[in-house]
Amino acid sequence: MMTSFRFTGSCARFFMSLSVAGRIGLMMSVFWIVIAVFGPWLAPYGATEFTDGPILGPLSAAYPMGTDFLGRDLLSRVLLGARFSIGLALVAALMASTMGTLLALLSTVVGGWLDEGLSRVMDSILILPSKILALLMVAIYGSSLPVLVLTAAVTYTPGAFRIARSQALGLNEMEYVMVSRLNGEGNLYVAVRDILPNMIHPMMADFGLRFVYIVLMLSGLSFLGLGVQPPNADWGSLVRENLSGLSVGAPAVLMPAVAIATLTIGVTLFIDSLAARKR
Amino acid sequence: MFKGTIDGIANQQVDMNGLILRMIFQRVGVGLLTLFIVCALVFFMSSLLPGDAAQMALGQAATPETVAALRLQLGLDQPAILRFFSWLWNFMTGNFGVSYASGLPVADIVAPRIPNSLMLAAAATAVSVPIALILGIVAAMHRGSRLDRTIGVGTMSVVAVPEFLVATLAVLIFAVKLRWMSALSLGGDMSSISGFFKAYGLPVLTLCCVVVAQMARMTRAALINQLDSAYVEMGVLKGLKPTRIVLRHALPNAIGPIVNAMALSLSYLLGGVIIVETIFSYPGLASTLVDAVSNRDLPVVQFCVLFFSACYLLLLLIADIFTIVFNPKLR
C-alpha cells in the first residue's frame, strides 16, 4: 500500500515538473497507448464488419467518426488500427534503440578496428534518406509485417548508434571508468555497470523521437500502399483507402490522419519538455 | 619593408584560397566515395534477393531451362563482385538497364520525369526560402516571447505531422471548400499564369509547409547562436536598435550556418516529394519510384534510389562548401 502511494506520488511529481505543453503531450501519448491496448474491446463494430451506414458518411451519433468507402464504421477501424500504427512502431523503435545502444557500447569499449568498421557501416546507411531506404527494402523484400518492422529498425538504428556512441565515448573517458579499468574490471563490467546506466536517460529521449519518426515512416509507406496490407489496416492505410472521399470532403480521409498527428505531436511535445524540465 | 608586408598579406591570401580549395576538393572526394558506398549498398542489398533477376524478369511460369539461359545471358553466373563493377560501369556510361515491368530502357522511362520533379522542387524552394528566413529571423529576434513560442510549437507540430495530412488538409480547404485550385495537378493548361498556379499551387504549398518548418527552426538556432556572442552584447550596450543589430551585425555572420541549414532542410523535399507526387498524381520521378516499388521493378527502383541519394549527397556537399566558404576563420 505504502509503495503504491509512493509510486503515485512520484508519478504526480514527475507530471507536475513538466511544462504545460509537456503535460498535454504526455496525456495525448498515454491516451493512444491505452487505445492501442484496449481498442478491440472499445470498438463498437468489428474491423471488417459491414454496417447499414452510408458510404463515406458524415459524423453522426451512430458513427462518431463517419463511415468509410465501404460504409464501415470508421471509429472502430481507427481503434483497431491503433495496434498496427503504435504496436509496429513501438517494436521497431525498441529494436532500433536497443541495437544502436548495444552496438555503440560494444564499439566504444572494444574500440580499434571494430569501432572504425561499425561507424563506417552506420554512416553509409545514414547517407540514404530514410524513406528512400525503406522503399528500396520494400521493393526487394516485399512488405509483410516482419519486413516492415525490420525495415524501420534497420533504417533508424544508425541514428541511435550515432547518439549512443557519442554518449558512450564521453563516459568512457570519465575518471570513474578509468578507476574500474585499473581495478582490473573487464570490458563487460565496464560496459554494463559503468557506462550503460548513465546512457539510459538520453537514450530514452532518443527512443521517443525515433518512435515518432517510425510512426511517420510506416504510415507514409502504408499511405503509398506499400506498408500494412489489407485486410489489416493501420492509420496510413485508412487514409489511403478513403482517399476517394477527399473530393466530397468526407471525414473518413481526415480522421485517421488526425489520429496520427495527435499521437506524434503528443510524443514530440512530451520529449521536448523533458529536456527543459524543472527539477 | 612596407612592400614586404603587403606581399606577405597577399601570399597569405593565396595560401588561404589554396586551403579553401583543398578543403572543398576533399569534401567532393568524400562525397564521391560515399556515393560509391551507396551504390555498393544498393547493389548488394538487391542481390541478396531470394530468387534472382532472371527469375523475376521471366516470372513464375518460366521453365528452369529458360531461366538458366537468361542467367547466363545476364551474367548471373559470375561472382557478385564482378557483376557489381560491370553494373557500376554500365551505370556510369548511362546504361541503366531495362525495366522488368514494361521492357523499356530505364533511361526512357525516367528521362521525361526528372525535369518535372526538379521543377516542383525548384518552385517549392523559391517559395519556402524567403518565408522560412523571415519566420526564423522574427523568432530569433523575439526569443522567449509569446510569438517565438507560437512559431516554435507551430513549426514543431508541422515537422511531427505526416506529409499526407498537410496535403489532404490543403486539398480539403483550397480545392473542395474554396474551389480555388484543382485537386489534381494534371490537366489544366499551363500557358497562362493562373493555369500554372492552379496546377502547381497545392503540391508546392504542401511541400513548402514541410520544408519551411524545418528551415525556420534551423535558421532560428543559427541566428540565436550569433546573438549570444560578445559583439552583439556590445551593440546592445551601445544602444543600437534590435533590428539593426540583427540585420546589420548578426545576420551577415550567420549566413554560413543559415545557408547550411537551408541546404540540409531542402533534403526534406525528398521525403515530401514522394508523398506529394502520389497524392496529386504528379508525373514526376518520385511517383515512378512508388509505382516501381509496388511492381518490384528493380532496375527502375535502383535508378531512382541512386538519383535521389545523389541529390541528397549534393545538398550535403553544398551545405559543407558553404560552411567552409563563409567561415571567417578561413579568410
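Structure shown above.
Bear in mind that the values here come from a model prediction, so they are computed numbers and not experimental data. (Residues numbered from 1 in each chain as written. Chains lettered and ligands numbered in written order. Predicted model: local features only at pLDDT ≥ 70, side-chain atom pairs only at ≥ 80, totals over all residues.)

Caption draft 1: Geometry of the overall build of chain B. Helix and strand counts for chain B come out as 14 helices and zero strands. In chain B, the order of α-helices and β-strands from amino to carboxyl end is α-α-α-α-α-α-α-α-α-α-α-α-α-α. Of all 331 residues assigned to chain B, the portion counted as buried reaches 35%. Across chain B, the fraction of contacts at a sequence separation of at least 24, relative to all contacts at a separation of at least 6, is 72%. (Helix = DSSP H or I, 4+ residues; strand = E, 2+ residues; numbered from the N terminus. Buried ≥ 20, exposed ≤ 12 C-beta atoms within 10 Å, placed from the backbone. Contact = placed C-beta atoms within 7 Å.)

Caption draft 2: The arrangement of the overall build of chain A in detail. When its secondary structure is counted, chain A shows 10 helices and zero strands. Secondary structure elements of chain A, listed N to C terminal, follow the sequence α-α-α-α-α-α-α-α-α-α. When the backbone C-alpha atoms are referred to their principal axes, chain A occupies close to 75 × 55 × 30 Å. The buried share of chain A, taken over its 279 residues, is 48%. Relative to all contacts within chain A whose residues are 6 or more apart in sequence, the contacts with residues 24 or more apart total 68%.

Caption draft 3: Expanded view of the nonpolar core. Of all hydrophobic cores here, the largest spans 166 residues; its most connected members are V78(A), L136(A), I214(A), V211(B), L289(B) and V301(B). Those residues in contact with V211(B) that lie beyond four places of it in its chain are A124(B), S128(B), S265(B), L266(B), Y268(B), L269(B) and G272(B). (Core = buried A, V, L, I, M, F, W, Y, C linked by C-beta atoms within 7 Å.)

Caption draft 4: Focus on the interface of chain B and chain A. Counting from both sides, the interface comprises 42 residues of chain B and, opposite them, 33 residues of chain A. For the side of chain B that touches chain A, the secondary-structure elements that each account for two or more residues are α1 (2-47), α7 (146-160), α8 (163-177), α12 (268-279), α13 (285-295) and α14 (298-325) of chain B. A per-element tally of the side of chain B that touches chain A places α8(B) first, with eight residues. Of the residues that constitute the side of chain B that touches chain A, the class distribution is 30 nonpolar, nine polar and three charged. (Nonpolar A, V, L, I, M, F, W, Y, C, P; charged D, E, K, R; others polar.)

Caption draft 5: Layout of the packing of helix α7 (residues 175-182) of chain A against helix α8 (residues 187-223) of chain A. All names here are of chain A. Interaxial distance between α7 and α8 falls to 11 Å at its minimum, and their mutual angle equals 155 degrees. Here α8 runs roughly antiparallel to α7, going by the angle between their axes. Judged by the twist between their axes, the crossing of α7 over α8 is right-handed. Taking contact as the criterion, the partners of Y176, V177, S180 and R181 in α7 are, on α8, Y189, V190, D194 and I195. Its residues assigned to classes, the contact of α7 with α8 shows five nonpolar, one polar and two charged. (Axes fitted to C-alpha atoms, helices over the stretch in contact; angles between N-to-C directions. Parallel < 35°, antiparallel > 145°, perpendicular 65-115°, else oblique. Left-handed = near helix turned anticlockwise from the far one by under 90°.)

Caption draft 6: How the structure looks around the environment of A93(A). Residues and elements named next belong to chain A. If you trace the backbone, A93 turns up in helix α3 (residues 74-110). Classification of A93 as buried rests on a count of 25 C-beta atoms within 10 Å. For the pair A93 and L26, spaced 67 residues apart in sequence, the C-alpha to C-alpha distance is 18 Å. Setting aside chain neighbours within four positions, we find A93 in contact with F207, R210, F211 and I214.

Caption draft 7: A look at the environment of L88(B). All names here are of chain B. Its location among the elements puts L88 in helix α4 (residues 80-92). Looking at L88, the number of C-beta atoms within 10 Å reads 14, which means it is partly exposed. A sequence separation of 116 residues divides L88 from V204, and the C-alpha atoms of the two residues are 35 Å apart.

Caption draft 8: Expanded view of unusual backbone geometry. All names here are of chain B. Despite not being glycine, S281 shows a phi value in the positive range, around 40 degrees. Looking at where S281 falls in the secondary structure, it is placed in the loop between α12 and α13. At R296, a residue that is not glycine, the phi angle is positive and equals roughly 55 degrees. Looking at the secondary structure, you find R296 in the loop between α13 and α14. R296 sits in the partly exposed class, given 17 other C-beta atoms within 10 Å.

Caption draft 9: Spotlight on the packing of helix α5 (residues 130-141) of chain A against α8(A). All names here are of chain A. Between α5 and α8, the shortest axis-to-axis distance is 11 Å and the interhelical angle comes to 50 degrees. What the angle tells us is that α5 and α8 run oblique. Between α5 and α8 the crossing geometry is right-handed. In this structure, α5 uses S130, K131, A134 and V138 to contact α8, whose residues at the interface are M217, G220 and L221. Residue composition of the contact of α5 with α8, grouped by class: four nonpolar, two polar and one charged.

Caption draft 10: Representation of helix α2 (residues 20-42) of chain A in the model. Along α2(A), the helix axis deviates most sharply at A36(A), where the bend reaches about 55 degrees; the proline P40(A) sits within four residues downstream. Every buried residue of α2(A) is listed here: G22(A), G25(A), L26(A), S29(A), W32(A), I35(A) and A36(A). (Bend = angle between axes of the 7 residues up to and from the residue.)

Caption draft 11: Structural context of α7(B). When the terminal C-alpha atoms of α7(B) are compared, their 21 Å separation across 15 residues agrees well with the 21 Å that a helix rising 1.5 Å per residue should span. Inspection of α7(B) places I151(B), T155(B), V158(B), V159(B) and A160(B) among the buried residues, and these make up the whole buried set. (Expected span 1.5 Å × (residues − 1).)

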